[in-house]
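The chain contents come next:
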Amino acid sequence: MGRLIVVSNRIAPVEEGKAPQGGLAVAVLAALKETGGIWLGWSGRLAEDASPQPKLKRAGPLTYAMLDLTPQDFDLYYNGHANSVLWPVFHYRTQLVHYTRAAEDGYRRVNALFADALLPLLQPGDRIWVHDYQLIPLGRALRERGVEAPIGFFLHTPFPTPEVLRTLPTHRDLLRDLAAYDVVGLHTTRDRDALLSAWHRTWRETTDGRVEVDGRRIVVEAFPISIETEEIAADAPGAWNMRSAHRLRDSLVGRDLIIGVDRLDYSKGLPRRFEAFRTLLERWPDRRGRVSYMQIAPPTRSDVAEYQEIRHQLESLAGAVNGEFADIDWVPLRYLNKSVPRKTLLGFYRSARVGLVTPMRDGMNLVAKEYVAAQDPEAPGVLVLSEFAGAAEELEAALIVNPFDVEGVAEALERALTMPVEERRERHAALMRVLRGNDIGHWRRRFMAALEGAAA
Ligand code: ADQ
């Protein structure tokens, strides 16, 4: 097997001896350690005189290649086309799209920069794995520079249906960009079918299950991303005993906890989720004083206007719910705008009677999976999960809700809070079977096997 070259917007270099944070970093590093290789991405630094050559940092069999960007390029590429056009289109929020040709030019220029930076680092036998919507044109940019190595692409967001995709003025270019890859991976069969129907005019399925676009044969498949199931299940009891988890439970004085953990993003459905909690307290008055909802939501993409707006909206909603229902010794809604260390989070998940995950659209949603894996199998909490999270395709034993139906979400909360322990155990066991059958290692190996198949 040749070396693996991973390209993503950000890279997560891991200090010697420290564990990587987060599933994707874990998966990518595991793959890179197996084969040796390079991880190329933006360094996180902005500089007026950014060099087009990446800084290289070696760590055993792998090399981190870190590119600086100019503030102008970053603004057009990242805040502009990636996060103000592609992110809202892919999450079906077409009213939030701010398309400009200048931003798309910047996006393509940065993708070309990535291609130029990668070219001199490549060797015969390399396999290339590109990640996510920031880098869709990279495969074609590499092909235009003569790269013949197998190139795979994985999209971490949903892929929209053709009518929604059409709001992007240059959607045909995007479809042609995707056709430059040998493997295109999506989270769910729904996303795969959406891409196939967008390709409909030019694609045809071949007998070996591939898709032919303009004479190129491409593997298009659902690879549902997952978590380190066994590690999380093994770490959770210790995390439950950490001081942070004790502090949390002490503060609850026996009340039930509902937990939500999300990046502060309009795709995550937080305003309606707050409304659903308010509806729970309105319709079931004896829940008052007996349940608390903690929402952890660290701000992201704060330079984009919509992200500032949602932050204000949530502050005002949280204030309204607490103003209406709080008592001298009870705060119904705890709203935290900060990030929490991974281990601490596991202890919080395990302390919560309900995991509330209600995005309006989500590629997969790893929080849903982490919440399940962190539970005590003898007394597990209940996952309430949006049908619009990719995870719902696998996690059928959760309480599945439509996040647009605020009353329905409140009913599911009430049902979760009153669910007998036998039913909770059964559902948890069913969910764990799914998460053991498809953990992050399985995801990585399946994708790598598809890429290897393309090479053959
Ligand atoms: P995200 O939109 O970031 O990911 P998610 O899948 O839930 O959403 O992953 C978030 C990760 O960050 C989880 O591992 C979670 O534990 C962690 N996290 C979230 N909030 C945190 C906090 N306050 N403190 C600490 N850690 C926190 C994108 C797509 C998803 C897709 C993933 C992976 O939007 O749909 O599942 O990529 O492909």
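That block above? That's the structure.
An account of the accompanying structure is given in this report. (Residues numbered from 1 in each chain as written. Predicted model: local features only at pLDDT ≥ 70, side-chain atom pairs only at ≥ 80, totals over all residues. Heavy atoms only, no water.)

### Details of the sheet that holds strand 16 (residues 399-401)
At step 1: Strand order in the open sheet made by the 6 strands is 13-12-11-14-15-16, with parallel pairing throughout. If you trace the sheet from one side to the other, it starts and ends with strand 13 (333-336) and strand 16, each paired once. Strand after strand, the sheet turns through a mean of 20° between neighbouring axes, direction not considered.
At step 2: As paired strands, strand 12 (residues 291-296) and strand 13 are joined by 4 bridges and run parallel to one another. Note that in strand 13 the partner of Y293 across the bridge is L333.
At step 3: Along the sheet, helix 12 (residues 342-351) makes contact with strand 11 (256-261) and strand 12, crossing strand 11 at roughly 135°. (Pairing = 2+ DSSP bridges. Helix = DSSP H or I, 4+ residues; strand = E, 2+ residues; numbered from the N terminus. Axes fitted to C-alpha atoms, helices over the stretch in contact; angles between N-to-C directions. Contact = heavy atoms within 4.5 Å.)

### Observations concerning the environment of L32
At step 1: Relative to the assigned elements, L32 resides in helix 1 (residues 23-35).
At step 2: Judged by relative accessible area, L32 falls into the buried class, the value being 0%.
At step 3: Here the alpha-carbon distance between L32 and I5, two residues 27 residues apart in the chain, equals 7.8 Å.
At step 4: Beyond its immediate chain neighbours, meaning those up to four positions away, L32 contacts L4, V6, G37, I38, W39 and L62. (Buried < 20%, exposed > 50% of the residue type's maximum accessible area, 1.4 Å probe, protein only.)

### Notes on the site of the ligand
At step 1: Lining the immediate environment of the ligand, one finds 22 residues, of which H156, V340, D362, L366 and E370 sit closest.
At step 2: Between the ligand and R263 there is a distance of 2.9 Å, counted from an oxygen atom to a side-chain nitrogen or oxygen.
At step 3: Between D362 and the ligand, the recorded distance is 2.5 Å, taken from a side-chain N or O atom to an oxygen atom.
At step 4: Burial of the ligand by the surrounding chains reaches 84%, relative to a free accessible area of 710 Å². (Near = heavy atom within 4 Å. Polar contact = N/O pair within 3.5 Å; in protein donor to acceptor, adjacent residues only side chain to side chain. Areas by Shrake-Rupley, 256 points an atom, 1.4 Å probe, with all protein chains shown as cover.)

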